[in-house]
Amino acid sequence: MDDREAVRRQLGREPRPFRVAARCPHGLPSVIENEPSRSMPTTFWVTCPSLEAAISRVEAAGGVRAAQREVGEARVEEIHEEHRRRYGTRVAGVREGGYVKCLHAFTALHLAGALPNPVAEWTLRRLDRTYPEDGCCTLRTLRPA
C-alpha cells in the first residue's frame, strides 16, 4: 500500500497534499506534515489510528490540564513561539497565553522531529502502547479502498 492510500484509510477521507513526517514500526505513516488551512490549522497531524486513540485516552483522563500544570505555562508558551518562528503559525494545540488544548498536536510535532517538547514527552510516558505490537492497525481495521 502506498503512503497516500495508507493516509486515506487512516483519516477516512482523501488527504490534502502532505509529506510523511514519521512512520510507525510497521513502516506506515504515523504523522504527516501539511499546509495549515482555516479548516485544519494543524501543520503536523497524527494519522495512526492506534496512536491517535492512545493520546485521546490520555486526554479523556484529564491529560490536557495535567500536562499544562506539570509542564507549566511558560514552557508551553516557549514551544508555541518556537513553532511560530519555524512555521509561521501557532501550534494548533496551544491557546493564546500558553495553554495546552490538544496533546495530539504536541505529540505529532515531537514524533516528526520538528519540535521535540516536554508536553509530548509527558504524553508519551502515559501511553499504554504507542503502536500495536501485532501488526499495523491501518491494515487490520480501516476501511478498504
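Since we're looking at a predicted model, the values are computed, not measured. (Residues numbered from 1 in each chain as written. Predicted model: local features only at pLDDT ≥ 70, side-chain atom pairs only at ≥ 80, totals over all residues. Heavy atoms only, no water.)

K.L.:
Honestly, the pairing of strand β1 (residues 18-23) in this entry has me stumped. Any pointers?
P.N.:
Here β1 pairs with strand β2 (residues 29-34) via five bridges, running antiparallel. Its bridge partner lying in β2, V20 is registered against I32. If you look at the hairpin formed by β1 and β2, you'll find five residues sitting between the two strands, and G27 has a positive phi there, around 90°. (Pairing = 2+ DSSP bridges. Helix = DSSP H or I, 4+ residues; strand = E, 2+ residues; numbered from the N terminus.)

K.L.:
What is the right way to look at the nonpolar core in this model?
P.N.:
Note that soluble globular proteins tend to have their nonpolar side chains buried in a common cluster. By size, the foremost hydrophobic cluster in this structure holds 33 residues, and its most contacted members are F44, L103 and V119. By residue number, the principal contributor to this core is helix α5 (residues 103-111), which donates five residues. Those residues in contact with L103, other than ones at most four positions away along the chain, are I55, V58, E59, G63, V64, A67, V119, W122 and T123. (Core = buried A, V, L, I, M, F, W, Y, C linked by side-chain atoms within 4.5 Å. Buried < 20%, exposed > 50% of the residue type's maximum accessible area, 1.4 Å probe, protein only. Contact = heavy atoms within 4.5 Å.)

K.L.:
Explanation requested: α5 in the structure shown.
P.N.:
Three or four residues apart is the spacing at which side chains of an α-helix point the same way, because the helix has 3.6 residues per turn. In terms of residue burial, α5 counts as a mostly covered element, since eight of its nine residues are buried. Along α5, the positions that sit buried rather than exposed are L103, H104, A105, F106, T107, A108, L109 and H110. A positive backbone phi angle near 75° is found at G113, which sits one or two residues after α5.

K.L.:
So what exactly am I meant to see when it comes to the pattern of salt bridges here?
P.N.:
Side-chain pairs of opposite charge can arise where the charged atoms are in close proximity. Taken as a whole and assessed by the stated rule, the structure comprises 10 salt bridges. The shortest N-O distance in the salt bridge between R8 and E5 comes to 3.0 Å. Pair noted here: R8 and E5 are both in helix α1 (residues 3-11), with a separation of three residues, about one helical turn. Each member of the pair, R8 together with E5, is buried. A salt bridge links R75 to E78, with the nearest nitrogen and oxygen atoms 3.1 Å apart. Highlighted residues: R75 and E78, both in helix α4 (residues 73-87), separated by three residues, approximately one helical turn. When its relative accessible area of 33% is taken as the criterion, R75 is described as partly exposed. (Salt bridge = Lys/Arg side-chain N within 4 Å of Asp/Glu carboxyl O.)

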